[in-house]
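Results of the structural survey
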Amino acid sequence: MADLYVKDDVRALLAMLEQIGGPEIDEVPVADARAQYAAMGALAEADPRPLAVKRDLTCPGPASDIPLRLYDPRDSREAGPIVMFFHGGGFVIGDLDTHDAFCTEIAHQLDLPVVAVHYRLAPEATFPAAADDCEAATRWVAGNPAELGRKATGLVTTGDSAGGNLTIVVTQALAAKAAAVPVIVQAPIYPVASAIEETDSYRDFGEGFLLTARAMNYFTSSYAPDESSTRMYPALSDQLSKSPPTVIMTAGLDPLRDSGRNYAKKLISHGIDVTYMEIPGIVHGFVNLRKALPSAQAASEAFLAEVKQMLARYS
């Protein structure tokens, strides 16, 4: 770490976590891993923004009803874009509550309704259950169901980490088979877009920077994907030219950094309008650490400002 640029607040957080210690994620039952992730958020995440609307609901899914949460800074609004949010957590941990505060931030900064999706988790539901649920929920919202009380003219897809992967996978699914309204902007946050084991970032940051190679291996083995499928590694798609305008944010000290970098390069080579943001000196997962990391709040605001600008150009 001595030879790397690490933001001061990030350095302090990493030192604190090293001092606290604790078992590796694959050394505890999955229920405990989920509880630890939630506890970390309670300690390090910013308070949720107050909004006019925050309401839980469900939509039909391929296996069972899918839990959703609607956020809106306005009680009512004219037809317009709706944001679909897919939470991170390696397809194993994470839920509507772990990403609640960040969803309120998105709704507040963009002044748009946000629908967060709690897809089925591994290892109870393996690949492609998460993708199936997120696609089903997005098509449901696109169809302007009465239960939502909002009419979509287009969709913005976003999510972090595993949710960044699902952002791209769902967007590609709706490009291949149209929903009632299109995805007009996609905005993945430190996504899993391609295999990472041979990348420099995986080698350089796989230990000591919050998200470890060991944890990633655990998540992948739990999700049990077909690694030749574009529904696991969407950068493999031969239809990238059909991608919508894209805003991508990665973290400079993240094992997944190069996956997001390489995906952005591929989109640009296919003529897609891309804004690529790489936040230096910060670790994976920072959008859920905004109380502990003031720099993460600033980065999140900058990212959402870029999404807002992209929307202004295309909606």
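Heads up: these notes are all about the structure in this document.

Conventions used here
Residues numbered from 1 in each chain as written. Predicted model: local features only at pLDDT ≥ 70, side-chain atom pairs only at ≥ 80, totals over all residues. Heavy atoms only, no water. Patch = residues over 30% accessible without salt bridge, like charges linked within 9 Å, V, L, I, M, F, W, Y side chains within 5 Å. Areas by Shrake-Rupley, 256 points an atom, 1.4 Å probe, with all protein chains shown as cover. Salt bridge = Lys/Arg side-chain N within 4 Å of Asp/Glu carboxyl O. Helix = DSSP H or I, 4+ residues; strand = E, 2+ residues; numbered from the N terminus. Buried < 20%, exposed > 50% of the residue type's maximum accessible area, 1.4 Å probe, protein only. Pairing = 2+ DSSP bridges. Axes fitted to C-alpha atoms, helices over the stretch in contact; angles between N-to-C directions. Core = buried A, V, L, I, M, F, W, Y, C linked by side-chain atoms within 4.5 Å. Contact = heavy atoms within 4.5 Å. Parallel < 35°, antiparallel > 145°, perpendicular 65-115°, else oblique. Left-handed = near helix turned anticlockwise from the far one by under 90°.

Quick look at a nonpolar patch on the surface now. Taken together, the side chains of Met16, Ile20 and Leu43 make up a nonpolar region of the molecular surface, amounting to roughly 290 Å² of accessible area. Mapped onto the elements, isoleucine 20 comes out in helix 1 (residues 8-20). Take isoleucine 20: its relative accessible area is 57%, and that puts it in the exposed class.

Once that is clear, we can look at the sheet that holds strand 1 (residues 53-59). Strand order in the open sheet made by the eight strands is 1-2-4-3-5-6-7-8, with mixed pairing throughout. Looking at which strands have only one partner, the edges of the open sheet turn out to be strand 1 and strand 8 (274-279). Within this sheet the neighbouring strands show an average axis-to-axis angle of 20°, counted without direction. In terms of strand pairing, strand 1 meets strand 2 (residues 66-72) through seven bridges, oriented antiparallel. Opposite leucine 57, over in strand 2, you have leucine 68 as the bridge partner.

So, about the environment of proline 123. With respect to the helices, strands and loops of the structure, proline 123 is situated in the loop between strand 4 (114-117) and helix 4 (129-142). For proline 123, a relative accessible area of 41% gives the class partly exposed.

Counting residues in hydrophobic clusters, the biggest one holds 53 residues, and the most contacted among them are Leu68 and Leu155. Counting only elements with at least two residues in this core, the list comes to strand 1, strand 2, strand 3 (80-86), strand 4, helix 4, strand 5 (152-160), helix 5 (162-176) and helix 7 (213-223). With seven residues, helix 4 is the single largest residue contributor to this core. What leucine 68 contacts, discounting residues up to four positions off in sequence, is Arg55, Asp56, Leu57, Thr58, Cys59, Leu96, Val115, Ala116, Val117, Ala137 and Trp140.

Before going further, it helps to spend a moment on the packing of helix 3 (residues 100-110) against helix 9 (residues 294-314). Packed helices, taken two at a time, are described by the angle between their axes plus the distance between the axes. The N-to-C vectors of helix 3 and helix 9 enclose an angle of 45°; their axes lie 10 Å apart at closest approach. Classified by the angle their axes make, helix 3 and helix 9 are oblique. For the pair helix 3 and helix 9, the crossing hand works out as right-handed. Between helix 3, through Phe102, Glu105, Ile106, Gln109 and Leu110, and helix 9, the contact on the second element is made entirely by Gln297, Ser300, Glu301, Leu304, Val307 and Lys308.

Before going further, it helps to spend a moment on unusual backbone geometry. Going from alanine 122 to proline 123, the amide bond is cis rather than trans, its omega being 5°. Residue proline 128 is reached from phenylalanine 127 by a cis peptide bond, and omega for that bond is 0°. Looking at the element boundaries, proline 128 is found in the loop between strand 4 and helix 4. Phi at leucine 210 takes a positive value of approximately 80°, unusual for a residue other than glycine.

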